[in-house]
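Overview (structure and organization)
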Amino acid sequence: MRELAAGLYMVMDKYLYWINLPKLTPIDVVEIIIIAFVIYNILAWIKNTRAWALLQGIIVILIFLLLAGLFQMNTILWLAAKLANIAVLALVVIFQPELRNALESLGKRNFLSAFFRAGFTRDNSQRFSDKTITELVKACYEMGKVKTGALIVLERDVQLNEYTRTGITLDSMISSQLLINIFEHNTPLHDGAVIIRGDRIVSATCYLPLSDNMQISKDLGTRHRAAVGVSEVSDSLTIVVSEETGAVSIAIDRTLYRDVDADFLRSKLKYAAKRNVQSETFVERIRKRLNLPDPQNKQSDSSLEEMRRRMKHAEKTEQSDHK
């Protein structure tokens, strides 16, 4: 065994001398894990806030400066160099709310549970269930019949923590009766918006940003402007029930759909419930890429057995046709 190891060492020393392999110590491995964990959390923080859209704009500017450097546009490069220090201060001012929220969450976070449970303990196939969609549709049109005003925000990929903190924390399961009771006149929680995350009501009486869009009809009130406003700063879906007419409207992707029916509302909720590929966990993407059954789905085993049975039946049929 020693002779074999010595022979391998001689071969590597003779032919692979140009490869400079660093010597890894346990401390180096720990450092790599810590740096990877920090970088992952920074990217996740950027993706879940408005900083993601701002970062895309910064990337566009950097690409433009790279092209300016390739084509030797000296005036543009001189201006960029002079504005570099100001740009750093501007970024701190622009990202001030996000940086403050990140530092606050850093002090409250349980790192061990976040490290070992991220992406493994819950089903991320959709943001909220069909039961939640049914309860939302039922509550909105029940309130519309009696002209009870309501403002319901459904969180998607961009987290709305800066708005949930402005309200009263509930953390309760969604039901049509609870939503109707929250927005009932002369109740403590009826004023403001309800924010929903997944299948739970996170907070009520929340304040939302108002839209400055001049294209919004003057007939619409503060609820509709707040619904459009939150859709401009996030990817959320907001349901509005008018207190004057009882009509149900939807704000999503900076667009306001007025006076929609129950089928349209249900279709938009199902669209909002679906997760895109980027929001799926790493484990889920690997499972789908390898076409493995979903351990969370109880029907996966039976469907797999059914697929095998059909394949065997097809092989037998093909063999009998050859005969």
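Throughout what follows, the structure given in this document is the object of discussion. Just so it is clear, the structure is predicted and the values come from calculations on it, not from any experiment. (Residues numbered from 1 in each chain as written. Predicted model: local features only at pLDDT ≥ 70, side-chain atom pairs only at ≥ 80, totals over all residues. Heavy atoms only, no water.)

Things to note about the sheet that holds strand β3 (residues 193–197)
Within the open sheet, the seven strands sit side by side as β2-β4-β3-β1-β5-β6-β7. Their pairing is mixed. In the strand order of this sheet, the two ends are held by β2 (168–173) and β7 (255–257), each with one partner. Between one strand and the next, the sheet's axes are offset by a mean angle of 20°, whatever the strand orientation. Here helix α7 (residues 130–145) sits on the sheet in contact with β1 (150–154), β3, β5 (237–241) and β6 (248–252), set at roughly 165° to β1. (Pairing = 2+ DSSP bridges. Helix = DSSP H or I, 4+ residues; strand = E, 2+ residues; numbered from the N terminus. Axes fitted to C-alpha atoms, helices over the stretch in contact; angles between N-to-C directions. Contact = heavy atoms within 4.5 Å.)

Brief notes about helix α11 (residues 262–273)
Look at α11: 16 Å from first C-alpha to last across twelve residues, which is about the 16 Å you get at 1.5 Å a residue. Regarding α11, the residues found buried are L265, K268, L269, A272 and A273. Seen along its axis, α11 keeps its buried residues to an arc of 140°; they face one direction. Elements that come into contact with the buried residues of α11 comprise α7, β1, β5, β6 and β7. (Expected span 1.5 Å × (residues − 1). Buried < 20%, exposed > 50% of the residue type's maximum accessible area, 1.4 Å probe, protein only. Arc of directions from axis to C-beta.)

Concerning the packing of aromatic side chains
Throughout the structure, instances matching the rule amount to one aromatic pair. Look at Y257 and F264: their rings are 5.5 Å apart centre to centre, the planes differ by 55°, and that puts the pair in the tilted class. Positioned over the ring face of Y271 is K268, at 5.7 Å from the centre of the ring. (Phe/Tyr/Trp six-rings, centres within 6.5 Å; stacked < 30°, edge-to-face > 60°. Lys NZ or Arg CZ within 6 Å of the ring centre and 35° of its normal.)

What to know about the pattern of salt bridges
The final tally for this structure, using the stated rule, is six salt bridges. The salt bridge partner of D263 is R266, with a shortest N-O separation of 3.6 Å. Separated by three residues within a single helix, D263 and R266 lie in helix α11, roughly one turn from each other. Residue D263 is classed as exposed on the basis of its relative accessible area, which comes to 57%. For R266, a relative accessible area of 28% corresponds to the partly exposed category. (Salt bridge = Lys/Arg side-chain N within 4 Å of Asp/Glu carboxyl O.)

Here's the deal with the side chain of R127
Within the fold, R127 resides in the loop between α6 (111–117) and α7. A polar side-chain atom of R127 sits 2.7 Å from the main-chain carbonyl oxygen of A272. A polar atom in the side chain of R127 sits 2.4 Å from the backbone oxygen of K274. (Polar contact = N/O pair within 3.5 Å; in protein donor to acceptor, adjacent residues only side chain to side chain.)

Nothing here speaks to function; it is all geometry.
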